[in-house]
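# Structural overview
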Amino acid sequence: MTTILDGKLTAKEVRARVKEGCAAFTEKTGRAPGLAVVLVGDDPASAIYTRNKGKAAKKCGMYDVHHHLPADTPEADVLALVRELNEDARVDGILVQLPLPGHVDTDKVIAAISPEKDADGFNPVNVGRLWLGQPAPVACTPLGITTILDRYEIDVKGMNAVIIGRSNIVGKPMAALLMRRHATVTVCHSRTKDLPDVIRAADLIVAAIGRAKFVTGDMVKEGAVVLDVGINRLEDGTLCGDVDFEAAAERASAITPVPGGVGPMTIATLLANVLTLAEARGE
């Protein structure tokens, strides 16, 4: 029988633990853990994401500050704000919502965030720490996936893991985390030869390619674990992942649905990252 990996339930459990941790931190230090969110521009999706992150932080007992800058804000001003937040004792975690307007260098902004306040785990210093196996904040979606694996006691040791997509946000950090857990990892992309055959050999599939139902049922090995990161909207308005859920579920031993799988874990993991950063600062 296929296990449906419930991201909503797992995220609810994570948020409950974060809320307890925030209360304990506040009692100990006299202040709440702080999250600063920076939004540049008026992208509707980004505005929704940042608003939801702020609401979630407040529900967990965090101090939340939101900076919304006009789309034409000079890069120098964005960098100045980030540096100001680095020095703000109330702020433990900084999140700059992506994408940024074209005139702002994303890499430069991410690098400006203090590694000790990098809530997203994107700063190059923390990326290096991740690959070296050192403690560091980790990108929220991959870390959320490992939380789901832990929640359902799925041990990836010795598994042949195939990641479809090599982004800095999901694919690359996911590879590092799975290798930490002693999986054998293959990272695939648009130029991978014989991609369907590579997928068919996988004991664990992480689909993060951004193409609706790209992974078909016949690509899923009997008993494989399938983790679907994709969120795609079909012509009829319904959401689906990068995996054909119904077909894949007939063969997989465990699978995340879309919606309700990996997605809810992203904000929950962000909150957990902020609490961890606050506890590390210990102020």
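The notes below deal with the structure included here.

Rules and cut-offs
Residues numbered from 1 in each chain as written. Predicted model: local features only at pLDDT ≥ 70, side-chain atom pairs only at ≥ 80, totals over all residues. Heavy atoms only, no water. Pairing = 2+ DSSP bridges. Helix = DSSP H or I, 4+ residues; strand = E, 2+ residues; numbered from the N terminus. 1 Å grid on protein atoms, 1.4 Å probe; cavity = no way out; pocket = protein on both sides within 12 Å on 5 of 7 lines; lining within 4 Å. Points joined across faces, edges and corners; volume = space filled by probe spheres on them. Nonpolar A, V, L, I, M, F, W, Y, C, P; charged D, E, K, R; others polar. Salt bridge = Lys/Arg side-chain N within 4 Å of Asp/Glu carboxyl O. Buried < 20%, exposed > 50% of the residue type's maximum accessible area, 1.4 Å probe, protein only.

### Quick notes on the sheet that holds strand 6 (residues 184-188)
If you trace the six strands from one edge of the open sheet to the other, you get 1-11-8-7-5-6, paired in parallel fashion. Lying at the two open borders of the sheet, with one neighbouring strand each, are strand 1 (3-4) and strand 6. Alignment of strand 8 (residues 225-228) against strand 11 (residues 254-255), held across two bridges, turns out to be parallel. If you follow Val226 over to strand 11, its bridge partner there is Ile255.

### Points about the layout of surface pockets
As a volume, the largest pocket reaches approximately 1200 Å³. Looking at the lining of the largest pocket, the elements that each hand over two or more residues are helix 2 (44-59), strand 4 (93-96), helix 6 (140-151) and helix 10 (263-281). Broken down by element, the residue count for the lining of the largest pocket peaks at six residues, all from helix 2. For the lining of the largest pocket, the per-class residue count stands at 23 nonpolar, 12 polar and six charged. Within this model, the second largest pocket holds a volume of roughly 370 Å³.

### Side note on the pattern of salt bridges
In the structure shown here, the tally under the stated rule is 11 salt bridges. Residues Asp92 and Arg31 are paired through a salt bridge, measuring 2.7 Å at the closest nitrogen-oxygen approach. Separated by 61 residues along the polypeptide, Asp92 in the loop between helix 3 (75-87) and strand 4 and Arg31 in the loop between helix 1 (7-29) and strand 2 (34-40) bring together distant segments of the chain. The same class applies to Asp92 as to Arg31, namely buried. Note that Arg181 and Asp150 form a salt bridge whose closest N and O atoms lie 2.8 Å from each other.

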